[in-house]
There are 2 protein chains.
Amino acid sequence: MSKAPVTIKDIARLLGISKSTVSRALSGNADVNPDTKRKVLELARKLDYQPNVVAVSLKQQRTNTLGVIIPETVNRFFAKAVGGIQKMANLAGFNVIICQSDESYVTEKKNLQALVSSRVDGLLVSVSRETDRYDHFEAVISKSIPLVFFDRIVEGLEASQVYSDNYEVTKEATHHLIAQGCQRIAFVAGPQHLYNSRNRLRGYLDALKESNIPVRDNYIIQSQYKLDKTDEYTRHLLKMKERPDAVFAINDYAALEMMHAIKKAGLRVPDDIAILGFNNENICRFVEPALSSIDHPAYDMGAAAAEILLNQVRNESIEPVRRLIQSRLVVRESTHRLKR
Amino acid sequence: MSKAPVTIKDIARLLGISKSTVSRALSGNADVNPDTKRKVLELARKLDYQPNVVAVSLKQQRTNTLGVIIPETVNRFFAKAVGGIQKMANLAGFNVIICQSDESYVTEKKNLQALVSSRVDGLLVSVSRETDRYDHFEAVISKSIPLVFFDRIVEGLEASQVYSDNYEVTKEATHHLIAQGCQRIAFVAGPQHLYNSRNRLRGYLDALKESNIPVRDNYIIQSQYKLDKTDEYTRHLLKMKERPDAVFAINDYAALEMMHAIKKAGLRVPDDIAILGFNNENICRFVEPALSSIDHPAYDMGAAAAEILLNQVRNESIEPVRRLIQSRLVVRESTHRLKR
DNA sequence: GTGAAAGCGCTAACAA
DNA sequence: TTGTTAGCGCTTTCAC
């Protein structure tokens, strides 16, 4: 039912000129008789002519489009990062296609192929939790398609990386808990094939070591892949003989869920158990006690990644770049113990 | 620097056959000598051939792509709706391009033009808060591009709509507050040119009317466009001579912020002031008191909208459809008063 | 300043 | 079963 869209051919026919002239008039970067140009622009506007970017893309061998793969849009961190990406891309006149891997390697690989097939000019990727092999990225790199990882980065590939200092900030946060008098600090760790999860765990362990606090394996909880087991962890932790006096949660929502359970169990936060979140969602400020957390500038990471990618796309030089974006510890009530 | 991607021409040359044969072998829906076919597929895999969908799109005059315009990805409601859209689209072999209007009419219009220029096969739109005229949508409709509005719908256009019963559920929720003994119910209303905001306000007003509770204008707060004035509203409400005994917030985050301020002011929720949110975020369950809210099935709305659109795209019939998705009131502690 | 023609990668009607 | 050809909408070289 769809009417055929207006093309330069239509305009040319109606004006009795050739389509090359119409093209030139429309693009504006070639000499065209001002009078002809005016007529063309007028008619184009009147017919609501929209250039067919599909045709332009085919001709130019570039789509002015960036492909993005993130684990999930409902994850606020990535939603914000996408905001930064889109901002930068649009400023540069680029479109953005967003795919979700749903934390699945298989889906991530399919997304990648779809984006390559769509001939995006470059790729921005935050890998899925499940991804522990990188053949699909290697294929992209061998095609010389510019690729920038952000946040959930992959090491050892010829690709740029925008990442935050998970190691440093986690170490700092652990020291902060220790300074509050906490000695039995539980830590919920993510999958260890992920760069970020590894660094967080390292930061935690090194902080303990630096403070001569023995590491106890049963305080380290290995979070599962997909299932949300926060409920289970919490019960497990509360039942321990030597109950932890602090918990480093895997994110803010898990922290709040834990806090809820702890309070239900008749314990006080932070005096019995201090809680630390991850991501510094808005909501941290509005709960009681207000939740301490670690702030990652998601928007900035997305923007930085897009900036690097756009540079590579335009310069045709894809020399890998590494950019660190600073995270920071935000101390609120949930980890602020009054000194005794 | 980017290497030229492998094309069917390359495969044809390497195999000493014509590119039409390669095309046929690859597409699989034409008679090709099984032996030739095998050779083609083998070489294609070996060279990691990815069909150029740009060329296919130009040829076929359809892109197998849906365009989506939402106000913001950081809004969880839309993030979830996008999840539903992508699921349906991918099942049907369609890609999705997502644009954010940032709640701006101008950006929305630009997004729309970009998507039309990209020759998407259909459009899914939730209008920006600022949008109060619809010329840009009319232009799309006059081009016979299938268009489905979801959640933030527009009335009076030849387009399909997927919406939730804001009127009914708001009325029900208001009656619930009244049943709890609330008589002075404050209501934070959204911009009245928006269909949803209008219906919510209507629901609230009609409930009061049905219960013979006089409407008091100063209990109705007109929320501003962009600025988050929750802080200001709350102080204003708390300072009133006849302080409200219930507040209908504009969303869950605003509700939590209000709850926080109310508690800080030494008042109890729900006994002094009951609070009702909107959207039923996960977090509602983990705050104290747990927040009553209204649940909108965002994912389902997105999925339903995509389903309708895909139908129209495939059938070439764009007879507008209206689909209602049920919302529901979720009562928790923040509006549950013990009867005296 | 303008037009004719070629070609981007692919599909499909037609011919062989 | 296969090859030839035309053409999707656009840009760009070349010639005038």
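Rules used throughout
Residues numbered from 1 in each chain as written. Chains lettered and ligands numbered in written order. Predicted model: local features only at pLDDT ≥ 70, side-chain atom pairs only at ≥ 80, totals over all residues. Heavy atoms only, no water. Near = heavy atom within 4 Å. Polar contact = N/O pair within 3.5 Å; in protein donor to acceptor, adjacent residues only side chain to side chain. Nonpolar A, V, L, I, M, F, W, Y, C, P; charged D, E, K, R; others polar. Least-squares fit on C-alpha atoms with pLDDT ≥ 70 in both. Contact = heavy atoms within 4.5 Å. Buried area = accessible area lost by both parts, 1.4 Å probe. Salt bridge = Lys/Arg side-chain N within 4 Å of Asp/Glu carboxyl O. Helix = DSSP H or I, 4+ residues; strand = E, 2+ residues; numbered from the N terminus. Domains from an automatic or database assignment. Expected span 1.5 Å × (residues − 1). Pairing = 2+ DSSP bridges. Axes fitted to C-alpha atoms, helices over the stretch in contact; angles between N-to-C directions. Buried < 20%, exposed > 50% of the residue type's maximum accessible area, 1.4 Å probe, protein only. Right-handed = clockwise from strand over helix to strand, strands pointing away. Parallel < 35°, antiparallel > 145°, perpendicular 65-115°, else oblique. Left-handed = near helix turned anticlockwise from the far one by under 90°.

In the region of DNA strand D, 25 residues are neighbours, and K19(A), Y49(A), S20(B), T21(B) and R24(B) sit closest. By atom count, sugar and phosphate contribute 58% of the portion of DNA strand D lying within 4 Å of the protein. Between DNA strand D and S23(A), the relevant distance is 2.7 Å, taken from a phosphate oxygen to a side-chain nitrogen or oxygen of the residue. Here a base oxygen of DNA strand D sits 3.0 Å away from a polar atom, N or O, in the side chain of K59(A). Residue composition of the surface near DNA strand D, by class: 8 nonpolar, 11 polar and 6 charged.

Turning our eyes to something else, we now look at the relation of the copies chain A and chain B. You can overlay chain A on chain B at an RMSD of 0.1 Å; the transform is a turn of 180° with a shift of 0.0 Å along its axis. Both copies are brought into coincidence by an operation consistent with a two-fold rotation axis. Nearest to the rotation axis, the C-alpha of I97(A) is located 2.5 Å from it, this being the minimum over chain A. Of the interface residues in chain A, 100% have counterparts in chain B that sit at the interface too, so the contact is made through matching surfaces.

All right, on to the interface of chain A and chain B then. Listed as interface residues are 50 residues of chain A and, on the opposing side, 50 residues of chain B. Approximately 4,800 Å² of surface area, both sides summed, lies buried where chain A meets chain B, with 51% of it carried by carbon and sulfur atoms. Across the chain A-chain B interface, the total number found is 4 salt bridges. With its nearest N and O atoms 3.4 Å apart, the salt bridge here joins K263(A) to E288(B). Looking at the side of chain A that touches chain B, the elements that each hand over two or more residues are helix 4 (53-60), helix 5 (76-91), strand 2 (95-100), helix 6 (105-117), helix 7 (135-142) and helix 11 (252-264) of chain A. Tallied by class, residues from the side of chain A that touches chain B come to 23 nonpolar, 16 polar and 11 charged.

So, about the domain arrangement of chain A. One frequently used descriptor of interface size is the decrease in accessible area upon assembly of the parts. Residue and element names in this part refer to chain A. With domains assigned, chain A is organised as domain 1 (8-51), domain 2 (62-164 + 298-326) and domain 3 (166-296 + 329-335). Once you take the C-alpha centre of each, domain 2 and domain 3 turn out to be 30 Å apart. With 19 residues of domain 2 in contact, the opposing surface of domain 3 contributes 14 residues. For the pairing of domain 2 and domain 3, the buried interface totals around 1,400 Å² over both sides, and the portion due to carbon and sulfur atoms is 45%. A per-residue breakdown of the area domain 2 buries against domain 3 is headed by R76, R129 and S164, which together make up 38% of the total. Here domain 2 and domain 3 share 1 salt bridge between them. R76 serves as the salt-bridge partner of E281, at 2.8 Å between the closest nitrogen and oxygen. At the surface where domain 2 touches domain 3, the tally comes to 6 residue pairs in polar contact (both at pLDDT 80 or more). Among the secondary structure elements, those contributing two or more residues to the side of domain 2 that touches domain 3 are helix 5 and strand 5 (160-164). Class assignment of the residues belonging to the side of domain 2 that touches domain 3 gives a composition of 6 nonpolar, 3 polar and 10 charged.

Turning our attention to helix 12 (residues 298-315) of chain B. For helix 12 of chain B, built from 18 residues, the straight-helix expectation of 26 Å at 1.5 Å per residue is met to within 8% by its first-to-last C-alpha distance of 26 Å. Buried residues along helix 12 of chain B sit against strand 1 (65-70), helix 5 (76-91), strand 3 (122-125), strand 4 (147-150), strand 5 (160-164) and strand 11 (322-325) of chain B.

A few words now on the side chain of T63(A). Within the secondary structure, T63(A) is located in the loop between helix 4 and strand 1 (65-70). Within the structure, T63(A) has its side chain in polar contact with the backbone oxygen of R119(A) (distance 2.7 Å). When residues no more than four places from it in sequence are discounted, the contact partners of T63(A) are S57(A), S118(A), R119(A), V120(A), D121(A) and V54(B).

Right, let's get into the sheet that holds strand 1 of chain A. Residues and elements named next belong to chain A. Judged by pairing direction, the sheet is parallel, and its 6 strands sit side by side in the order 2-1-3-4-5-11 without closing on themselves. The sheet terminates laterally at strand 2 and strand 11 (322-325), the two strands that pair on one side only. The average undirected angle you get between the axes of adjacent strands in this sheet is 15°. As defined by bridge partners, strand 1 adjoins strand 3 (residues 122-125) across 4 bridges and the pair is classed as parallel. Directly across from I69, in strand 3, lies its bridge partner V125.

Time to look at the pairing of strand 6 (residues 185-189) of chain A. Residue and element names in this part refer to chain A. By the criterion of burial, strand 6 is predominantly enclosed, with 5 of the 5 residues buried. Alternating residues of strand 6 divide into I185, F187 and A189 and A186 and V188, and every residue in both groups is buried. Regarding topology, helix 9 (residues 195-210) serves as the crossover connection from strand 6 to the parallel strand 7 (residues 220-222), and that connection is right-handed.

The next subject is the protein's contact with DNA strand C. What surrounds DNA strand C is a group of 26 residues, the closest being T21(A), D31(A), K19(B), S23(B) and Y49(B). Considering the 4 Å shell around the protein, atoms of DNA strand C inside it are sugar or phosphate in 60% of instances. K59(B) places a polar side-chain atom, nitrogen or oxygen, 3.0 Å from a base oxygen of DNA strand C. Elements with a minimum of two residues in the surface near DNA strand C: helix 2 (19-27) and helix 4 of chain A together with helix 2 (19-27) and helix 4 (53-60) of chain B. The residue makeup of the surface near DNA strand C, split by class, is 8 nonpolar, 11 polar and 7 charged.

Attention now goes to unusual backbone geometry. All names here are of chain B. A cis amide bond, omega 10°, links V269 with the succeeding residue P270. Among the secondary structure elements, P270 is positioned in the loop between helix 11 (252-264) and strand 9 (274-276). Omega for the peptide link from E288 to P289 comes to -5°, which places this bond in the cis form. Backbone geometry at D48 places phi at a positive 50°, although glycine is not the residue there. Look at N280: it is not a glycine, yet its phi comes out positive at around 55°. Mapped onto the elements, N280 comes out in the loop between strand 9 and strand 10 (293-295).

Here the focus is the packing of helix 8 (residues 166-179) of chain B against helix 9 (residues 195-210) of chain B. Pairs of packed helices are described in terms of their axes, by the angle between the two and the distance that separates them. Residue and element names in this part refer to chain B. Contact pair helix 8 / helix 9: the axes reach a minimum separation of 7 Å and the direction vectors enclose 40°. Comparing their axes, helix 9 and helix 8 come out oblique. The element helix 8 and its partner helix 9 pack so that their crossing is right-handed. Residues N166, Y167, T170, K171, T174, H175 and I178 of helix 8 touch helix 9, and the partners they reach there are N196, N199, R200, R202, G203, Y204, D206, A207, L208 and E210.

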